[in-house]
Amino acid sequence: MQGIDKRGDPIICRCNDVTESEIVEVIKKGFTDIEEIKRLLRIGMGPCQGRTCIPLVMRIIARETGVNVDEITPPTSRPPIIPIPIEVARKAAE
Amino acid sequence: MKKGYEVVIVGGGIIGNAVAYYLAKEGQKDVLVIEKNYISSGSTGRCAGGIRQQWDSEANIRLAMGSVKIFEGLEDELGFPTEFYQGGYLLLAHTPEHMEWFKKRVELQRSLGLDVRLIDPKEAKDIVPYINTEGLLGATFCPTDGHANPFYVTFGYYKKAQELGVHYLIGKEVAGIEVRESRIRAVILSDGSRVEARNLVNAAGGHARDIARMAGIDIPVNPQRHEILVTEPIGHLFDPLIISFKQGIYFRQELNGGVLMGYGDPEEPWSYNVRSTSRFLFNMTKKVTEVMPILDQVRVLRQWAGLYAMTPDAQPIIGGVEEVEGYYQAVGFSGHGFMVGPKTSELLAELILTGKTSLSLEHLSHKRFKEGKGKIEKAVI
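Residues numbered from 1 in each chain as written. Chains lettered and ligands numbered in written order. Predicted model: local features only at pLDDT ≥ 70, side-chain atom pairs only at ≥ 80, totals over all residues. Heavy atoms only, no water.

### Some words on the overall build of chain B
Link 1 in the chain: Looking only at helices and strands, chain B features 10 helices and 18 strands.
Link 2 in the chain: Taking 2.2 N^0.38 as the reference for a compact globule, 381 residues should give roughly 21 Å; the C-alpha atoms of chain B span a radius of gyration of 20 Å, in line with that estimate.
Link 3 in the chain: By principal-axis analysis of the C-alpha atoms, chain B measures approximately 60 × 40 × 40 Å.
Link 4 in the chain: Of all 381 residues assigned to chain B, the portion counted as buried reaches 60%.
Link 5 in the chain: Relative to all contacts within chain B whose residues are 6 or more apart in sequence, the contacts with residues 24 or more apart total 74%.
Link 6 in the chain: By element, 49% of the accessible surface of chain B is carried by carbon and sulfur atoms, the whole surface being about 14,500 Å².
Link 7 in the chain: The distance from the centre of the 43 positive side-chain charges to the centre of the 46 negative ones in chain B is 2 Å. (Helix = DSSP H or I, 4+ residues; strand = E, 2+ residues; numbered from the N terminus. Rg over C-alpha atoms; globule rule 2.2 N^0.38 Å. Buried < 20%, exposed > 50% of the residue type's maximum accessible area, 1.4 Å probe, protein only. Contact = heavy atoms within 4.5 Å. Areas by Shrake-Rupley, 256 points an atom, 1.4 Å probe, with all protein chains shown as cover. Lys, Arg positive; Asp, Glu negative; His and termini not counted. Charge placed at Lys NZ, Arg CZ, Asp CG, Glu CD.)

### Quick look at the packing of aromatic side chains
Any aromatic ring pair is given by two values, namely how distant the centres are and how the planes are angled relative to each other.
Link 1 in the chain: Counted by the stated rule, this structure contains 15 aromatic pairs over all chains.
Link 2 in the chain: Considering the side-chain rings of Phe71(B) and Phe84(B), the 5.5 Å spacing of their centres and the 15° angle between planes classify their relative orientation as stacked. With Phe71(B) in helix H3 (residues 58-78) and Phe84(B) in the loop between H3 and strand S4 (89-93), this residue pair connects regions lying 13 residues apart in the sequence. Here Phe71(B) and Phe84(B) have matching classes, each one buried.
Link 3 in the chain: Through successive ring pairs, a cluster of aromatic residues spans Phe31(A), Phe80(B), Tyr152(B), Phe155(B), Tyr158(B) and Tyr168(B).
Link 4 in the chain: Above the plane of the ring of Tyr5(B) lies Lys2(B), whose end atom (NZ or CZ) is 5.0 Å from the centre.
Link 5 in the chain: In this structure, Arg52(B) is placed above the aromatic ring of Trp55(B), and the distance from its NZ or CZ to the ring centre is 3.7 Å. (Phe/Tyr/Trp six-rings, centres within 6.5 Å; stacked < 30°, edge-to-face > 60°. Lys NZ or Arg CZ within 6 Å of the ring centre and 35° of its normal.)

### Describing the nonpolar core
Link 1 in the chain: Judged by nonpolar contacts, the single largest core of 97 residues is most densely connected at Ile23(A), Ile37(A), Ile43(A), Ile9(B), Tyr157(B), Val201(B) and Leu348(B).
Link 2 in the chain: Counting contributing residues, this core receives three or more from each of domain 1 (4-48 + 151-221 + 313-370) and domain 2 (85-145 + 223-309) of chain B.
Link 3 in the chain: Residues within four places of Ile43(A) in sequence aside, it is in contact with Cys13(A), Val18(A), Ile23(A), Ile37(A), Lys38(A), Cys53(A), Ile54(A) and Val57(A).
Link 4 in the chain: Counting residues in each nonpolar core, the second largest holds 29 residues, with Phe141(B), Ile249(B), Val259(B) and Met292(B) among its members. (Core = buried A, V, L, I, M, F, W, Y, C linked by side-chain atoms within 4.5 Å. Domains from an automatic or database assignment.)

### Examining the pairing of strand S14 (residues 249-253) of chain B
Residue and element names in this part refer to chain B.
Link 1 in the chain: Most of S14 is tucked away, with 5 of its 5 residues classed as buried.
Link 2 in the chain: With burial as the criterion, each face of S14 is covered, one bearing Ile249, Phe251 and Gln253 and the other bearing Tyr250 and Arg252.
Link 3 in the chain: The pairing of strand S13 (residues 241-244) with S14 spans 3 bridges and is classified as antiparallel. Pairing of Ile243 across the sheet is with Tyr250, part of S14.
Link 4 in the chain: Hairpin connection of S13 to S14: 4 residues between the antiparallel strands, including Gly248 at a positive phi of 70°.
Link 5 in the chain: Sheet topology places S14 next to strand S15 (residues 259-263); 5 bridges connect them, and they run antiparallel. When the bridges of S15 are listed, Tyr250 appears paired with Gly262. (Pairing = 2+ DSSP bridges.)

### Things to note about the interface of chain B and chain A
Link 1 in the chain: Contact with chain B, which involves 30 residues of that partner, is made by 26 residues of chain A.
Link 2 in the chain: When the two sides are added together, the surface that chain B and chain A hide from each other amounts to roughly 2,700 Å², 62% of it contributed by carbon and sulfur.
Link 3 in the chain: When residues of chain B are sorted by the area they lose upon contact with chain A, Tyr38(B), Leu301(B) and Arg302(B) head the list and together hold 24% of the total.
Link 4 in the chain: One can count 2 salt bridges joining chain B with chain A. (Buried area = accessible area lost by both parts, 1.4 Å probe. Salt bridge = Lys/Arg side-chain N within 4 Å of Asp/Glu carboxyl O.)

### Points about the domain arrangement of chain B
All names here are of chain B.
Link 1 in the chain: According to the domain assignment, chain B consists of domain 1 (4-48 + 151-221 + 313-370) and domain 2 (85-145 + 223-309).
Link 2 in the chain: A C-alpha centroid distance of 30 Å is found between domain 1 and domain 2.
Link 3 in the chain: If you look at the interface, domain 1 gives 14 residues, while domain 2 gives 14 residues.
Link 4 in the chain: Approximately 1,100 Å² of surface area, both sides summed, lies buried where domain 1 meets domain 2, with 54% of it carried by carbon and sulfur atoms.
Link 5 in the chain: Three residues stand out in domain 1 for area buried against domain 2, namely Arg46, Ala48 and Gly206, and they jointly supply 50% of the buried area on that side.

Okay, structure coming up:
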């Protein structure tokens, strides 16, 4: 099936290949803050900048820790919005 | 949380977590760490993760060499991955003045036992085939320098300290420090609650001056924004972290393939501002392609910023102070706190527990500013 790896474990972060069970595992180790999970698993640090995975991760945290999803603040979004070639950035300065 | 602790540590970065761990490891488990955001949310989690021993001042060289020793065994010690990787540091010189400086530095570093050497542009190109050697006069290379993942290292210390019994208060901010009869008594939190403390460790990074001031101590530590960007992951291009003093930049390739880079802007004012700018994006990309033209084709993925906690001589302030008993600090690392964090923290824990340290911290004491001592560390980028 598409989006499901061999173990039947859904891939949540497609940029960095992180599955649902990997996220659940770090939550069980006590890393429940989305900022901590981002830094441990590199979720939201890929080319999509978290557009695909962050809402899913927030729902997994809510489910595993019993907090309301509205209480979870998404991580700071970082520029640029889409990846840009160094050559383009460099020439923009001139 | 208990009513009081033997040691209260302010700051959940590399220093705060590592000091907590070394205290607990040596048997002092009555420790509370207070972090106002989340673990590694400040300068540690925003740093480039470089680990360099090639410094200008003896104190920095010794702290960095001691830290590399610790980093080498840290994964096993903490039972946590650190992504520690010794790909070396390659420092580039483009002027005769820099060459003279490099020669002196290598001499001092070698006298302290560091495996470092001055190399010619050809050898530099052998180590990093993609560097532009035009105008390059020479370089220094230390193969045991490298990098580690700042999040993993900090989380590793955090988890191990917790396992050993250290308490954590995360999401609470320190609003005041109670000092009576020249002694630390308690910490007041922003919600008004009070935690008694016999000893206090200021490990507040960019906010260290504010914390010191609460205890009635003025330290010359000022926050300054430094920006970083990282590219998309690409195939393996080079091993060492590269510093070019001509452009004032550093860059390295992460284990996942992304190229991480930054530079210090001398015009940057003191402030708590950690916003990213397009100015940095434009200048950084221009400077880095002067040193490694092939990077032109790579895409920039993300940029962010963090605070350097700058001191007048760009060297940290470590130890206690005469004015207030029970007050300790490890602050003002001027952009290299992560790489010297392990040894610094081990020594500070030793100082708190025994009143002395196995490696002298005298040159890094707060007193040096009053006495007008202190040699300026010039190798900061």
